[in-house]
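# Architecture and fold: a report
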Amino acid sequence: MLVSWNTTNACNLACAHCYRDAGARAEDELDTREGKALIDEIAAAGFKIMIFSGGEPLMRSDIYELITYAAEKGLRPVLGSNGTMILLEVGQKLVKAGARAIGISIDSVDPQAHDRFRAMPGSWQAAVDGMKNCLAAGLPFQVHTTVMDWNYEEAEALTDLAVDLGAMAHHVFFLVPTGRGKDIEYTTLREVEYEKLLRRILNKQKQVKIELKPTCAPQFIRVADQLGIETRFKRGCLAGLSYCLINPVGEVQPCAYMQAKIGNVRETPFSELWRNAEVFRRLRTRAYSGRCGTCDYGDRCGGCRARAEFYHGDFMAEEPWCLYRRGKEVANATG
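Here's a quick rundown of the structure. Quantities reported herein were computed from a predicted structural model and do not represent experimental measurements.

### A few points about the overall build of the protein chain
Helix and strand content of the protein chain: 13 helices and 10 strands. Since a compact globule built from 335 residues should have a radius of gyration of about 20 Å, the 19 Å found for the protein chain is in line with a globular shape. The principal-axis extents of the C-alpha atoms in the protein chain amount to approximately 55 × 45 × 35 Å. For the protein chain, the residues scored as buried account for 59% of the 335 residues in total. The centroid of the 42 positive side-chain charges in the protein chain is displaced by 5 Å from the centroid of its 42 negative side-chain charges.

Structural data, given as structure tokens:
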């Protein structure tokens, strides 16, 4: 089980797809004391991995203290970062605090294309330098890429870049239109491109030793089965089942991209929300409607609940960009 805490809304970039619409620090963000109380509740609820994200988590002055506290509580602290603030001494401090790994975003092999998307000149090189500093500090890192129509053809080249930089994994995030991402919904991959890319990523896995994982693309479970590729992942969408998120002001969400209201940890203990919230209870029924409700991979894939929410207004509806139909082979459609 893993949980994300958006520790702050503050960020030094203004990325076009940001689900948090990050930039300025939010008013009334959880302070250090509240953050530690949240960590206590997360540990009590049985979670094992805690992701410190943002915004940019390195913009919190107490981030090292919070990481240390999480490690002391038996959690595995990891971070999600844009990488631009990771000087060598930052990497060393993260290791000393107890951080076990960090995900750093690179969205193109073309530095200028990445910089335009992230809205900061020099952000590509700063992220690459951050990865090199992690390597020097002994902090394992993985590359995160958000994939859309404009960088669709770069997936394998980005994996090769991740290998060259010394990453332990390359996780490819399929765009979900929420936050600022709603403004670029038109770049989202549709059925055929979605399916083709899943197959390309999984076939690329045969060629490299680092882990490749399509993320926010739960159909990869089915595609791996169809291609005869073994993966350590047993379930596609984890929202509300073994994953959730807490935003900077304490509101709980089933995942980063879902807006369904659950509650606030300032009013109700997180462990109680995780056990009893109605949204979580409904997700755990796995009683999906539409194609997801009749699909023979419904229990293992689950479809993307966030896309269902965005496109259908119901997080239990069918995944809108899945090419698969029960009993129908999709290979001919994808070439």
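### Looking at the pattern of salt bridges
Overall, the coordinates contain 19 salt bridges when judged by the stated rule. A salt bridge links arginine 25 to glutamate 29; its shortest N-O distance comes to 3.5 Å. By relative accessible area, arginine 25 is classed as exposed at 53%. Owing to a relative accessible area of 5%, glutamate 29 belongs among the buried residues under this scheme.

### Concerning the nonpolar core
Core analysis: the largest hydrophobic core is formed by 91 residues, its most contacted members being Phe52, Leu94, Phe174 and Phe270. Here the element with the most residues in this core is helix H2 (residues 63-72); it accounts for six residues. Apart from residues no more than four positions distant in its own chain, phenylalanine 270 is found in contact with Val3, Leu38, Glu41, Ile42, Ala45, Phe47, Cys244, Ile246, Val252 and Val265. One finds Leu13, Cys15, Cys18 and Ala22 within the second-largest nonpolar core, a separate group that totals five residues.

### Topic: helix H10 (residues 278-285)
A turn of α-helix holds 3.6 residues, and therefore any two residues three or four places apart point the same way. All buried positions along H10 are accounted for by Val279, Phe280 and Leu283. The buried residues of H10 occupy an angular sector of 95 degrees when projected down its axis, which confines them to one face. In this structure, the buried residues of H10 make contact with strand E8 (243-246), strand E9 (251-253), helix H9 (270-276) and helix H12 (305-312). Once H10 finishes, arginine 286 follows within two positions and takes phi at roughly 55 degrees, a positive value.

### Quick word on the environment of isoleucine 201
Topologically, isoleucine 201 is positioned in helix H7 (residues 191-205). You can call isoleucine 201 buried: its relative accessible area is 5%. Along the primary structure isoleucine 201 and threonine 159 are separated by 42 residues, whereas in three dimensions their C-alpha atoms are 9.0 Å apart. Each residue touching isoleucine 201, except ones within four places of it in the same chain, is listed here: Val172, Phe174, Leu212 and Pro214.

### Structural notes on the sheet that holds E8
Taking strand neighbours across the sheet as the criterion, the 10 strands line up as E7-E6-E5-E4-E3-E2-E1-E8-E9-E10 in an open arrangement whose pairing is mixed. What marks the edges here is a single partner per strand, and that holds for strand E7 (211-215) and strand E10 (263-264). With four bridges connecting them, strand E1 (residues 2-6) and E8 associate as parallel partners. Bridge pairing links serine 4 to leucine 245 in E8.

### So, empty space enclosed by the protein
Per the counting criterion, the structure on display carries one cavity of 30 Å³ or more. Approximately 40 Å³ is the volume found for the largest cavity. Around the largest cavity, the lining residues are Arg235, Cys237, Ala239, Leu241, Leu283, Tyr288, Gly302 and Arg305. A per-class count over the lining of the largest cavity returns five nonpolar, one polar and two charged.

### Some details on unusual backbone geometry
With an omega dihedral of 10 degrees, the bond running from glycine 54 to glycine 55 counts as a cis peptide bond. Summarising the element assignment, glycine 55 is placed in the loop between strand E2 (49-53) and H2. Even without a glycine there, the phi angle at alanine 119 is positive, about 60 degrees. Topologically, alanine 119 is positioned in the loop between helix H4 (111-118) and helix H5 (123-137). Positive phi, close to 55 degrees, is recorded for cysteine 216, a residue that is not glycine. In this structure, cysteine 216 sits in the loop between E7 and helix H8 (220-227).

### Quick word on the environment of alanine 126
Mapped onto the fold, alanine 126 is located in helix H5. C-alpha of alanine 126 to C-alpha of threonine 84: the two residues are 42 residues apart in sequence and 4.7 Å apart in space. Leaving out residues up to four positions away in the same chain, alanine 126 has contacts with Gly83 and Thr84.

What counts and how
Residues numbered from 1 in each chain as written. Predicted model: local features only at pLDDT ≥ 70, side-chain atom pairs only at ≥ 80, totals over all residues. Heavy atoms only, no water. Helix = DSSP H or I, 4+ residues; strand = E, 2+ residues; numbered from the N terminus. Rg over C-alpha atoms; globule rule 2.2 N^0.38 Å. Buried < 20%, exposed > 50% of the residue type's maximum accessible area, 1.4 Å probe, protein only. Lys, Arg positive; Asp, Glu negative; His and termini not counted. Charge placed at Lys NZ, Arg CZ, Asp CG, Glu CD. Salt bridge = Lys/Arg side-chain N within 4 Å of Asp/Glu carboxyl O. Core = buried A, V, L, I, M, F, W, Y, C linked by side-chain atoms within 4.5 Å. Contact = heavy atoms within 4.5 Å. Arc of directions from axis to C-beta. Pairing = 2+ DSSP bridges. 1 Å grid on protein atoms, 1.4 Å probe; cavity = no way out; pocket = protein on both sides within 12 Å on 5 of 7 lines; lining within 4 Å. Points joined across faces, edges and corners; volume = space filled by probe spheres on them. Nonpolar A, V, L, I, M, F, W, Y, C, P; charged D, E, K, R; others polar.

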